[in-house]
Amino acid sequence: NLSMMTFPWFQEKQQLHRLKFPGSHYTKANTVAWLNGGFTFAEFIDANPDFNIFIAGRLSHDDPAYIDRYEEHPHGLVRHITRRSNSIGAAEVYRNSSLNAWKTVAKHLPPQKLPPETKYTEYTWEWTVKKEFVDHLVSRSTYLLDIALRGLQTQVLPSLAEAAAWLEVAT
C-alpha cells in the first residue's frame, strides 16, 4: 500500500515482506525526507529486480526516474511494471495474457453486477468501483491497440478486433 509506505513507522513493517526496501519510507526524490533515508518508487523497483510487481492506483509523488526506466502494462484491475527494455512485444502474447487476467476479474466481479451509474453519484464507492472497472477496460484496449500498431507484426487482426470491441463495450 503506497500510502502506508510514506510514513516513517513503515520501516518497522518492512520485515514482514520478502521485498527489499532501499530506505525507511516512500517519498519524493530530492527532499529532506529522501535525504533522511526515504526512497523513491523507482529506487524501490530497482531494489527488487527478481519480483513481478503490480500496481493499482497512481504513485503518490512524481518520479521522473520511474517514468524513464519503467513501463506499465494493463493487467486486469492492476498494471504490471517492467523495465522499458523488457516490454511486452507481440500483441497476441499480450492479448492472451491480459485476457486471462480479465477472465479472472469477470469471474469475481461480473460486469452485469456492477453498481448502476444511475443509482450512485461520484461521491460513493459504488460509483468508483464501476469507474475503475471501465477505466481499466479502456486502458487494456488502448494499450492493445498501441502495441498491435507498433512496428511490423503478423497476425494482429485478432488484437485489433478485440481492442475495438472492448472500447465499444466501454462506451
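Check the entry above for the structure.
Not measured: the values here are computed from a predicted model.

A. Focus on the packing of helix α6 (residues 125-149) against helix α7 (residues 157-170). Where α6 contacts α7, the two axes come as close as 9 Å, and the packing angle between them is 155°. One element, α6, and the other, α7, form an angle in the roughly antiparallel class. α6 and α7 meet at a crossing whose hand is left-handed. Contacts from Val 134, Leu 137, Val 138, Arg 140, Ser 141, Thr 142, Leu 144, Leu 145, Ala 148 and Leu 149 of α6 reach α7 at Ser 159, Leu 160, Glu 162, Ala 163, Trp 166, Leu 167 and Ala 170. When grouped by side-chain class, the residues that make up the contact of α6 with α7 number 12 nonpolar, three polar and two charged.

B. Representation of unusual backbone geometry in the model. One non-glycine residue with positive phi stands out, namely Asn 30, at about 60°. Relative to the assigned elements, Asn 30 resides in the loop between α1 (2-5) and α2 (32-35). Judged by its relative accessible area of 66%, Asn 30 falls in the exposed class.

C. Broad picture of the packing of aromatic side chains. Within the structure shown, the criterion is met by 13 aromatic pairs. On the numbers, 4.8 Å between centres and 70° between planes, the contact of Tyr 94 with Tyr 143 is edge-to-face. With Tyr 94 in helix α5 (residues 91-108) and Tyr 143 in helix α6, this residue pair connects regions lying 49 residues apart in the sequence. Tyr 143 matches Tyr 94 in its accessibility class, with the two residues each being buried. Each member of the aromatic cluster is reached from another via a ring pair, and the members are Phe 10, Phe 21, Tyr 26, Phe 39, Phe 41, Phe 44, Tyr 66 and Tyr 70.

D. Representation of the sheet that holds strand β1 (residues 53-55). Pairing in this open sheet of three strands is antiparallel, and the strands run β1-β3-β2 from one edge to the other. Both edges of this open sheet fall to β1 and β2 (70-75), since each of them pairs with a single strand only. Neighbour-to-neighbour, the strand axes of the sheet open up by a mean angle of 40°, direction not taken into account. For β1 and strand β3 (residues 78-83), the ladder comprises three bridges, and the chain directions are antiparallel. Residue pairing for β3: Phe 54 is matched across the bridge by His 80.

The rules behind these values
Residues numbered from 1 in each chain as written. Predicted model: local features only at pLDDT ≥ 70, side-chain atom pairs only at ≥ 80, totals over all residues. Heavy atoms only, no water. Axes fitted to C-alpha atoms, helices over the stretch in contact; angles between N-to-C directions. Helix = DSSP H or I, 4+ residues; strand = E, 2+ residues; numbered from the N terminus. Parallel < 35°, antiparallel > 145°, perpendicular 65-115°, else oblique. Left-handed = near helix turned anticlockwise from the far one by under 90°. Contact = heavy atoms within 4.5 Å. Nonpolar A, V, L, I, M, F, W, Y, C, P; charged D, E, K, R; others polar. Buried < 20%, exposed > 50% of the residue type's maximum accessible area, 1.4 Å probe, protein only. Phe/Tyr/Trp six-rings, centres within 6.5 Å; stacked < 30°, edge-to-face > 60°. Pairing = 2+ DSSP bridges.

Fair warning: the whole summary comes from geometry, so function is off the table for now.
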